[in-house]
Structures are given as structure tokens and as C-alpha cells.
Amino acid sequence: MKTLLLSAAGTLALAGAASAQDLEVASPHGDLVVTLSTDGAGRPTYAVTFEGETVVEPSQLGMRFAEHRGFQEGMVLEEKDRAAADESWEQPWGERRIVEDRHNELLVTFMDEEDERRRFDLRVRVFDDGLGFRYEVPKQRSLRGEVAITDELTEFVLPEADTTAWWIPARMWNRYEYIYEETPLGDIHTVHTPVTFELGGGTHLSIHEAALVDYSGMSLTLGRGNRLEADLAPRADGPKVKLEAPFETPWRVIQVAEDAPGLINGTDIYLNLNEPNALGDVSWVEPGKYLGIWWGMHLGTQTWGSGPLHGATTENTKAVIDFAAEHGFSGVLVEGWNEGWDGDWYENGDVFSFTESYPDFDIEEVADYARQKGVRLIGHHETSGNITNYEKQMEAAYDLYERLGVAQVKTGYVADGGELKRVGEDGVAHYEYHDGQAAVEHHLTALREAAEREISINTHEPVKDTGLRRTYPNWISREGARGSEYDAWGQPPNPPEHTAILPYTRMLSGPMDYTPGIFKLRPEAGEGSPPAYPGGEPRPDVRTTLAKQLALYVVLYSPIQMAADLVEHYEEKPEPFQFIKDVPTDWEESIALAGEVGDYVVIARQRRGGEDWYLGAVTDEEGRALDVPLGFLEEGRTYTAEIYRDGEGADWETNPYPIAIESREVTSGDTLDLPLAPGGGAAVRLVPAQG
Ligand code: NOJ
Ligand code: CA
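Worth saying up front: this structure is predicted, and the values here are computed from it rather than measured.

Calculation criteria
Residues numbered from 1 in each chain as written. Chains lettered and ligands numbered in written order. Predicted model: local features only at pLDDT ≥ 70, side-chain atom pairs only at ≥ 80, totals over all residues. Heavy atoms only, no water. Buried < 20%, exposed > 50% of the residue type's maximum accessible area, 1.4 Å probe, protein only. Helix = DSSP H or I, 4+ residues; strand = E, 2+ residues; numbered from the N terminus. Arc of directions from axis to C-beta. Contact = heavy atoms within 4.5 Å. Pairing = 2+ DSSP bridges. Axes fitted to C-alpha atoms, helices over the stretch in contact; angles between N-to-C directions. Right-handed = clockwise from strand over helix to strand, strands pointing away. Expected span 1.5 Å × (residues − 1). Salt bridge = Lys/Arg side-chain N within 4 Å of Asp/Glu carboxyl O. Phe/Tyr/Trp six-rings, centres within 6.5 Å; stacked < 30°, edge-to-face > 60°. Lys NZ or Arg CZ within 6 Å of the ring centre and 35° of its normal. Near = heavy atom within 4 Å. Polar contact = N/O pair within 3.5 Å; in protein donor to acceptor, adjacent residues only side chain to side chain. Nonpolar A, V, L, I, M, F, W, Y, C, P; charged D, E, K, R; others polar.

**Student:** Outline helix α5 (residues 363-372), supporting the account with residue identities and numerical values.
**Tutor:** Where α5 is concerned, the buried positions are Ile363, Val366, Ala367, Tyr369 and Ala370. Mapping the buried residues of α5 onto a view down its axis gives an arc of 160 degrees, with all of them on the same face. Buried residues belonging to α5 abut α4 (314-326), β23 (376-382) and α6 (387-404). Downstream of α5 by one or two residues, Gly374 has phi in the positive range, about 75 degrees.

**Student:** Describe in detail the sheet that holds strand β34 (residues 639-646), supporting the description with residues and values.
**Tutor:** One open sheet holds the six strands; their spatial order is β30-β31-β32-β37-β34-β35, and the pairing between them is antiparallel. Of all strands in the sheet, those with a lone pairing partner are β30 (587-596) and β35 (659-666), marking the two edges. Averaged over neighbouring strand pairs, the angle between their axes works out to 15 degrees when direction is ignored. Seen against the sheet, helix α10 (residues 546-555) touches β31 (600-607), β32 (613-619), β34, β35 and β37 (681-688) and runs at an angle of roughly 125 degrees to β32.

**Student:** Describe the pairing of strand β24 (residues 408-412), naming the residues involved and giving the relevant values.
**Tutor:** Counting buried residues along β24, five of its five residues qualify, which places the element largely inside the surrounding structure. Residue alternation in β24 divides its side chains into two sets, Gln408, Lys410 and Gly412 and Val409 and Thr411, and both sets are buried. Sheet analysis places β23 next to β24, joined by four bridges and oriented parallel. Bridging across to β24, His381 finds its partner in Thr411. For the segment spanning β23, α6 and β24, crossover handedness is right-handed. Alignment of β24 against strand β27 (residues 456-460), held across five bridges, turns out to be parallel. When the sheet's bridge partners are listed, Lys410 is paired in β27 with Asn458.

**Student:** Outline the sheet that holds strand β10 (residues 146-152), supporting the account with residue identities and numerical values.
**Tutor:** Spatially, the three strands line up as an open sheet ordered β5-β10-β18, and their pairing is antiparallel. Lying at the two open borders of the sheet, with one neighbouring strand each, are β5 (63-65) and β18 (241-244). Strand-to-strand twist in this sheet, taken as the mean axis angle between neighbours without regard to direction, amounts to 45 degrees. Alignment of β5 against β10, held across three bridges, turns out to be antiparallel. The residue bridging Met63 from the neighbouring strand is Glu152, located in β10.

**Student:** I'd love a proper account of helix α7 (residues 437-452), names of residues and values included.
**Tutor:** With 16 residues, α7 ought to run about 22 Å at 1.5 Å a step, and its terminal C-alpha atoms sit 23 Å apart, in line with that. Most of α7 is tucked away, with 12 of its 16 residues classed as buried. Along α7, the residues classified as buried are Gln437, Ala438, Ala439, Val440, His442, His443, Leu444, Ala446, Leu447, Glu449, Ala450 and Ala451. Taken together, the buried residues of α7 touch β18, α6, β25 (420-423), β26 (429-432), β27 and β28 (475-478). Among the residues trailing α7, Glu454 stands out with phi positive, at a value near 55 degrees.

**Student:** Give a detailed account of the pattern of salt bridges, specifying residues and quantitative values.
**Tutor:** Counted according to the given criterion, the structure contains 49 salt bridges. Among the ionic pairs, Asp115 bridges to Arg117, the shortest N-O distance being 3.3 Å. Taken together, the shared-partner salt bridges connect Glu105, Arg123, Arg125, Arg134, Glu136 and Glu248 into one network.

**Student:** How would you summarise unusual backbone geometry if you had to cite specific residues and measurements?
**Tutor:** With an omega dihedral of 0 degrees, the bond running from Thr193 to Pro194 counts as a cis peptide bond. The topology assignment puts Pro194 in the loop between β13 (181-184) and β14 (195-198). In the Ramachandran plot, Arg171 falls in the positive-phi region, its phi being about 60 degrees despite a non-glycine side chain. Mapped onto the secondary structure, Arg171 falls in the loop between β12 (164-167) and β13. One non-glycine residue, Asp214, lies in the positive phi region at around 50 degrees. Within the secondary structure, Asp214 sits in the loop between β15 (204-210) and β16 (218-222). Residue Asp214 is classed as partly exposed on the basis of its relative accessible area, which comes to 42%.

**Student:** Summarise the packing of aromatic side chains; cite the residues concerned and give the values.
**Tutor:** The tally for this structure, following the rule as stated, stands at 27 aromatic pairs. For the ring pair Trp294 and Trp295, a centre distance of 5.8 Å and an interplane angle of 25 degrees mean the geometry is stacked. On the basis of relative accessibility, which here comes to 0%, the residue Trp295 falls in the buried class. Aromatic ring contacts, followed pair by pair, group Trp304, Trp341, Trp345, Tyr346, Phe352, Phe354, Tyr390, Tyr398 and Tyr413 into a single cluster. For Lys318, the ring lying beneath its charged end belongs to Tyr369, and the centroid distance is 5.1 Å. Over the ring of Trp475 we find Arg478, and its NZ or CZ is 3.8 Å from the ring centre.

**Student:** So what's going on with the site of ligand 1? Which residues, and what values?
**Tutor:** Around ligand 1, a shell composed of 15 residues is seen, among which Trp294, Glu335, Glu382, Lys410 and His460 lie nearest. Contact distances for ligand 1 include 3.3 Å between an oxygen atom and a side-chain N or O atom of His380. Class assignment of the residues belonging to the shell around ligand 1 gives a composition of six nonpolar, three polar and six charged.

Put into C-alpha cells, the structure is as follows:
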């Protein structure tokens with residue numbers, strides 16, 4: 001294995017390295033090697049090998065501008081600096097408390113062979129489980145004034161033979177809310193990241209980005225042959241990105257793992273490539289579990305807007321608060337509390353008020369009632385995609401919530417892709433993508449304003465996660481994929497394999513507010529008619545078993561987890577509900593133990609600051625008998641395993657309810673056998689036995 005000598009202390013400049021020479025940087029364990037070079041036309045390139053096998057063939061780098069000469073060809077490569085890191089840091093909340101950051105770094109310059117003042121730097125960091133690189137473009141004569149990026153030329157050329165891809169389309173009307181496709185590499189279109197691949201030899205790769213700030217989100221589009229090309233979301237006013245030099249792009253990240261669980265275990269790379277916490281003391285950011293006035297609207301038995309079925313009444317909310325207090329939940333989300341929902345709320349972006357409540361919702365009284373009960377009201381701001389209307393009211397809206405002790409706000413941007421409304425200073429409306437530069441900027445404005453008032457944000461119809469929760473720990477969760485709501489009205493609802501794909505795709509980027517815990521898996525008379533959701537259809541069957549709903553609390557990480565179903569449905573089934581009451585949402589450690597993309601996954605997590613472990617396993621439409629070795633438990637200790645698994649005859653399609661709840665004593669030397677029904681799952685709580 002070729003590795004370069006690194007100075008452990010940090011930098012080792014090799015001034016004047018020959019420009020025609022390839023430059024290499026390897027991961028700390030040496031298995032992952034990135035080579036930078038230029039091709040015959042002087043185009044900047046990079047390539048990647050893993051355990052000696054090519055995982056990214058020579059792929060182009062560069063950028064084009066509207067008014068300035070681009071970085072495209074005729075360039076020479078020079079080494080600038082090397083560094084290495086071996087450190088760890090503590091998260092305020094997360095999948096694990098301590099994050100290790102071990103990487104080797106190479107900084108190079110690509111410069112115009114005729115004019116060396118025209119140049120960009122590329123910073124490459126290689127970790128044991130992936131790599132990131134970003135463009136760092138210095139101030140320079142040839143990039144004066146506003147710089148409009150028309151195209152980022154970054155490519156990811158993957159080996160074509162037998163490469164399978166899991167992806168959702170990008171630049172389409174439904175943003176990130178699509179059913180995942182599994183296809184050969186050659187059959188993908190323009191796709192969102194994270195996009196995940198299994199190469200012919202079994203190596204798994206996922207491509208995504210980190211620290212998306214002041215730039216447009218990167219999708220990938222399939223070019224000639226097997227070239228995946230960066231495809232930045234365009235701004236409404238023409239180019240992809242507008243900025244001024246000096247500037248840095250987000251990190252382009254390639255996770256590389258020997259197997260599918262390795263991808264899940266390697267996601268710290270996104271956090272490590274983001275800047276440290278910019279908010280100081282964030283002890284006010286509170287992980288927790290919540291209930292809501294929510295599912296009823298999706299079922300069509302309640303409405304967001306005013307009228308006889310209005311869900312967000314003072315009375316209804318107090319009843320949910322009572323139940324939340326009794327069962328140890330920390331929050332109650334109330335949607336439809338504010339003026340603006342009447343009529344087709346998809347079209348109400350201009351009229352939503354974020355400070356005025358409907359007359360039958362006394363926000364002061366409700367917030368007070370919640371406080372007395374030790375529960376917090378969770379705020380809600382649906383913008384219907386009008387970011388200007390929201391920004392205008394933002395300060396007043398967050399002031400109100402701060403005064404009422406509301407520490408978390410769920411926001412929503414329901415609007416078709418490319419239809420986020422932003423009104424410029426000149427009064428002209430521009431329609432932007434959810435992952436375009438304007439949206440990226442809007443979300444950071446919201447986070448900063450919220451942080452000043454110690455409020456955390458849970459964004460629905462968001463921009464994708466790129467690890468910014470490290471810098472802004474008040475970005476507590478987000479949606480950004482099909483969640484449970486599709487099980488109320490989606491045609492089709494989420495297929496059984498959906499939650500066996502998410503952990504290897506969307507979830508690699510960070511927490512998701514999936515809102516699991518649906519206990520009533522079949523529609524009842526009256527639900528879904530009239531359809532709850534504009535464009536929705538009468539309610540379909542939920543395509544999971546009951547046990548699988550419990551497993552999702554462990555499998556799909558979020559520091560805030562909703563128990564999404566109606567209170568009465570939990571009251572009907574107190575035994576399985578106990579698992580939702582017990583499961584924590586903040587973790588000391590998380591380990592993906594087994595799985596295959598789209599087939600199944602087994603994840604174990606230990607409570608933050610605690611000794612109990614939780615295990616979740618879900619499968620696709622295939623039933624399977626899993627043997628799970630419990631080697632992650634502390635050696636020599638006996639644990640009581642409380643097992644919630646699919647019962648006799650359980651099947652997502654024909655019989656979703658049977659659940660077996662049983663207890664066993666186990667130790668780290670034991671193997672737990674977990675039978676999963678078709679479309680099923682298992683949830684296990686492992687508590688050290690007394691004495
Ligand atoms: C879409 C969100 O995902 C859902 O949770 C919410 O209820 C509706 N928008 C209304 O804001
Ligand atoms: Ca949604």
C-alpha cells in the first residue's frame with residue numbers, strides 16, 4: 001500500500017513539487033487513497049482507490065463562470081500543504097456522544113499554466129471511512145466583482161460493471177419525497193444526494209456533501225457513460241450560485257465502506273467536515289419525544305383550517321397535553337393553530353400569520369397549561385413555500401414563542417420544487433428550489449434568529465442535511481424524505497422496503513423527523529373522506545407490522561421523535577406503547593450491526609449517559625430470521641431483554657397487528673434470534689439486571 005509520509009505535528013510544505021506529478025493522500029489506515037492529477041488537456045482530476053481497487057476512476061474537477069474565465073483546462077497542479085488530525089470532540093446531542101476525527105489532509109493548487117495568478121485550491125481530507133474535498137477559490141484579478149457560477153464541473157466516475165444505485169430524483173416537483181429506486185448505475189437520472197451505490201465487488205459508496213453554506217445544493221446527473229456530474233440547483237435569476245471571491249464550496253463527500261452497515265457507521269465524516277458549534281452554550285436544545293395535533297388532519301378526521309373539525313382547539317390541545325404529561329412526553333406539537341389555513345392552504349403562502357391564533361385556540365392559556373404540566377408546546381410555522389412572508393414575520397413570531405416558553409418550532413415549506421417564493425427588494429417574485437442558494441441562506445437566517453431566542457428548528461420540506469447541526473445544534477431535525485404522512489394518504493403509501501433503504505441513503509446525512517408510531521394500521525370509517533390533504537386520496541393501508549413501527553424509533557435516528565398516532569390508539573394498546581415511552585432519543589453510542597441496502601437493517605444504540613441499550617431491526621417485504629450477536633453489551637453483565645417482535649402470523653399485508661412481547665436474561669456472549677415477519681421488525685430494550 002502506498003502512503004505518503006506525513007508530519008504528525010501538522011503541516012509539511014513541499015514547495016515547488018513538480019506540476020506534472022500526481023499527488024496522493026491516503027487515509028490513516030492507508031486503505032483509501034486519493035490521487036490528484038491533470039489529464040492531457042490540463043483538466044484537473046482526482047481518482048480514488050479502496051483496498052487497492054479503483055472506486056472512483058479519474059474524474060474531472062473545475063468550475064465555469066458567467067462573466068469570468070473558468071477553471072477547466074490548461075492547468076497545472078502543485079502541492080501546497082499537508083496536515084493530519086487525530087482528535088475527538090463531544091456532541092451536545094447525537095447518535096454518539098464522542099466523535100473521533102482522524103484524517104489526513106492534502107492542500108493543492110491548480111493554476112493556469114499561462115497565468116499562475118488564475119488558480120484555485122483543492123483541500124482534500126481522507127478519513128478511514130470516506131473522503132471530502134472542497135474548492136477554495138482565493139481572491140484574484142481574474143475574478144473581480146460578483147462571480148456567477150454557471151456550472152461546477154466535479155465528476156464522480158464510478159466503475160460501471162455491476163454497480164447498483166439507490167436514488168430519488170432531483171429537481172422534481174415533490175422535492176425529496178419520492179420512493180427510492182434501485183437500478184443499475186446506467187439507469188439513473190438526475191438524483192439527490194446522498195445517493196448510494198454497491199459496486200460489483202461488494203464495496204459500498206455514498207456520495208453527498210457537507211457544510212452547504214452560501215452555495216446551491218448538489219445533485220448528480222448521469223453524463224456520458226458512467227460519469228456522474230455535479231448538477232447544482234439553479235437560482236431563479238439565472239446562474240447556479242452567486243458570490244464573491246474568496247469563496248469555498250461545500251465539501252464533496254464520498255463515503256466508502258466494505259459493506260452496507262459500514263456506511264451507517266461512517267457518517268461522522270459529515271460532522272467532522274463542518275465547523276464547530278457557533279452557538280456556545282446550547283443546553284437549551286432539548287432532545288425528547290412528542291405527541292401532536294397532527295395525524296387527525298392527515299387522516300381527514302380533523303382540519304388545519306377553522307370550522308367544526310378544527311383540530312387545534314384549546315380543549316383538544318389540553319387533552320393531548322394531559323396524555324403527554326401522564327406518559328412522560330416532553331412536547332405537544334400543534335398544527336393549524338394560526339390564521340391562514342382556510343381554503344387550499346397550499347396556496348396560502350402570502351396570507352399565513354405566524355403571530356395570530358384562531359379564536360378557538362388560546363395560545364397563552366395552552367402554553368401556560370403545558371408549562372404547569374411539565375410539557376412544552378411545540379410551535380408550528382407552515383409557510384407554503386413563501387420564504388419572504390416568513391422572513392418578514394420571523395422576529396415577531398419567534399419573540400412570541402420565546403415569551404410563551406416554546407423551545408422548538410416545526411417549520412414547513414410545502415411548495416413544488418422550484419416554487420419557493422422569494423420577493424426581491426424590487427418587489428419582484430422569484431421562484432427558487434428547496435436546495436437552491438436562496439433556500440440555503442433562508443434556513444441559516446431562521447436558525448440564527450431562532451438561536452437568539454433559544455429555539456430549535458425542525459424543518460419539513462427542508463434543504464437536505466449536510467451536517468450543519470454541528471455548527472448550529474439548534475437545527476434539531478428535519479424531514480427531507482417520505483415520512484409517515486404518506487401512510488395516511490400517499491398513493492402509494494411507503495412500501496415495506498422504504499425504511500430498509502432510508503438508513504443507507506437519506507439517514508446518512510443526519511436525523512429525520514419521520515414521525516413513526518402508527519398503531520392503527522388500517523383505515524377506519526370516515527377517515528380520508530374528504531381527503532385530508534389537498535391532492536390526497538382516501539387512506540391506504542399502512543405497509544408495516546405493529547412491531548416494525550416500534551423498531552423505527554431505534555432505526556431512524558432523530559433527537560426528537562414523535563409518537564404520531566392519535567392518543568386513543570395508544571390507549572387501546574398500552575403494552576406496545578410502553579416501548580415508545582421507554583426508548584430514549586439521545587445516544588451515547590450507535591452501531592449498525594447488520595443489513596443490506598433495501599433488504600434489512602439492525603441497529604443498536606446505548607442511551608446517552610445511561611447503561612441501557614436499544615436494538616431495532618426492520619425488514620422489507622421479505623420475512624427473515626435474524627441472529628443478532630449481543631457483543632456490544634458490557635462483558636460479564638446480565639441484561640434483561642424486553643423483546644417486542646412480530647407475533648404468530650404477522651404480515652404487513654394480511655395481518656399487521658400480532659406482536660409478541662417477552663423478556664429474557666442475556667449477556668454479551670448470547671445471540672438473540674429475532675424472527676421478522678414480511679414487512680416486519682423488532683424492537684428490544686436491554687436493561688442491566690439488578691443485583
Ligand atoms: C408537510 C409536513 O411534512 C407535515 O408534517 C405537515 O403536517 C404539513 N406539511 C402541514 O404543515
Ligand atoms: Ca412533507
